[in-house]
Amino acid sequence: RFMVCVIPAFILVIVESLKQHVMAAFLIVGTLVGWSHAAPLSLTHRAGIEDIDMLASHLFIPVQDWEGVGKELASDLPAGSDVLIATTAAGAIPFHSKLPTLDMLGLTDSQVAREGVLFEAQRNHTRIASMEIMVERGVHLMLGQPWLRRPHPQRNYRFASLRGFNVFKKLSRSQLPETSRIVEIPLAPAGGGERVLVVLYLKPHPDVDALIKRGAWRVFPIL
């Protein structure tokens, strides 16, 4: 995935080199040998690296549905909203929601890449945005690793349940802003059942408060 941006330049080098007949045979053989070695490693799930089908599944399967999450945020929030979200799924969700986004894995954020908390995940996912970074940057809604669940009639969330976001290794209640609450965002039913996206509401924002006030989004205290 991290070599995709290099491929066009690599192709141009090959094409130019093929004009030099002396190099043609070497490049053709070298490319075929390289591909035969790389294909089994890069196109299958191996050593924590997801294959193409697994990567695509994050976008659509009902328990993750990153594309659906992004589209729901775009539908619920006003066009041009400056609600700042934070998520590890910082591709499809920002693309479809059109919302400013903090990439919690630091792949597109130099501060997180350098100062984020060490995080045991797959390759190139070794740091995660700390609560301090998110508060400093003014994040309004933290999605974490998007947490979808069936709606429940509970009236609160316990602090221990925040592990459902899959981004907190060591977090104390004192690190959360006093305004922190949990918000449930209804998503279109899938797989025969209703779903909500669970979000940590860190910093108040008028667009979010308006949705809560009219009952479109449900808000819960954290015990």
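Just above, that's the structure.
Calculation notes
- Residues numbered from 1 in each chain as written.
- Predicted model: local features only at pLDDT ≥ 70, side-chain atom pairs only at ≥ 80, totals over all residues.
- Heavy atoms only, no water.
- Helix = DSSP H or I, 4+ residues; strand = E, 2+ residues; numbered from the N terminus.
- Contact = heavy atoms within 4.5 Å.
- Areas by Shrake-Rupley, 256 points an atom, 1.4 Å probe, with all protein chains shown as cover.
- Phe/Tyr/Trp six-rings, centres within 6.5 Å; stacked < 30°, edge-to-face > 60°.
- Buried < 20%, exposed > 50% of the residue type's maximum accessible area, 1.4 Å probe, protein only.
- Pairing = 2+ DSSP bridges.
- Polar contact = N/O pair within 3.5 Å; in protein donor to acceptor, adjacent residues only side chain to side chain.
- Salt bridge = Lys/Arg side-chain N within 4 Å of Asp/Glu carboxyl O.
- Arc of directions from axis to C-beta.
- Axes fitted to C-alpha atoms, helices over the stretch in contact; angles between N-to-C directions.

Asks: In this structure, what is going on with the overall build of the protein? I would like to understand it.
Replies: When helices and strands are counted, the protein shows 8 helices and 8 strands. Pairs at least 24 residues apart make up 57% of the contacts formed inside the protein by residues separated by at least 6 positions. Carbon and sulfur atoms make up 61% of the accessible area of the protein, which amounts to about 13,100 Å² in all.

Asks: Help me understand the packing of aromatic side chains, please; the structure alone is not making it clear to me.
Replies: Aromatic ring pairs are defined here through the distance separating the ring centres and the angle between the ring planes. Summed over the entire model, instances satisfying the criterion amount to 3 aromatic pairs. Seen in terms of ring centroids, W147 and Y157 are 6.1 Å apart; in terms of plane orientation they differ by 90 degrees. Their pairing is edge-to-face. Of the two residues, W147 sits in strand β5 (residues 141-149) while Y157 sits in the loop between β5 and β6 (181-190), which places them 10 residues apart along the sequence. Like Y157, W147 is buried.

Asks: Can you help me understand the pairing of β6 in this one?
Replies: Along any regular strand the residues' side chains alternate between the sheet's two faces. In this sheet, strand β7 (residues 193-201) lies alongside β6 in antiparallel orientation, the contact comprising 8 bridges. Bridge pairing links E184 to V198 in β7. Alignment of β6 against strand β8 (residues 218-220), held across 3 bridges, turns out to be antiparallel. Bridge pairing in β8 places I182 opposite F220.

Asks: Please explain the side chain of Q64 as it appears in this structure.
Replies: Note on placement: Q64 falls in the loop between α3 (52-60) and α4 (66-76). Reaching out from Q64, the side chain makes a polar contact with the side chain of H58 at a distance of 2.8 Å.

Asks: Is there a simple way to think about the pattern of salt bridges in this case?
Replies: Pairing between side chains of opposite charge can happen when their charged atoms approach one another. Evaluated as defined, the whole model comprises 4 salt bridges. Notably, a salt bridge pairs R195 with D65, separated by 3.1 Å at the nearest N-O pair. Of the two residues, R195 is situated in strand β7 and D65 in the loop between α3 and α4; the sequence distance between them amounts to 130 residues. In this pair, the class of R195 matches that of D65, namely buried. For E67, the salt bridge goes to K71, with nearest N and O atoms at 3.4 Å. Pair noted here: E67 and K71 are both in helix α4, with a separation of 4 residues, about one helical turn. Among the residues examined, E67 registers a relative accessible area of 21% and is labelled partly exposed.

Asks: Could you clarify how one ought to interpret α4 in this entry?
Replies: Because an α-helix packs 3.6 residues into every turn, residues spaced three or four apart end up facing the same way. Among the residues making up α4, those that are buried are W66, V69, G70, E72, L73 and D76. End-on view of α4: buried residues confined to an arc of 160 degrees, all on one side of the axis.

Asks: I'm lost on the sheet that holds β5 in this one. Help?
Replies: Strand pairing within a sheet occurs via backbone hydrogen bonds; the two strands may be parallel or antiparallel. Overall, mixed pairing links the 6 strands, which are arranged β2-β1-β5-β7-β6-β8 in an open sheet. With one partner strand each, in any of the chains shown, β2 (101-103) and β8 form the two edges of the open sheet. Neighbour-to-neighbour, the strand axes of the sheet open up by a mean angle of 35 degrees, direction not taken into account. Across the sheet, α4 touches β1 (85-87), β5, β6 and β7, and the angle it forms with β6 is around 110 degrees. Against the sheet, helix α8 (residues 206-213) makes contact with β5, β6, β7 and β8, and its axis sits at roughly 140 degrees relative to β7, the strand it touches most.

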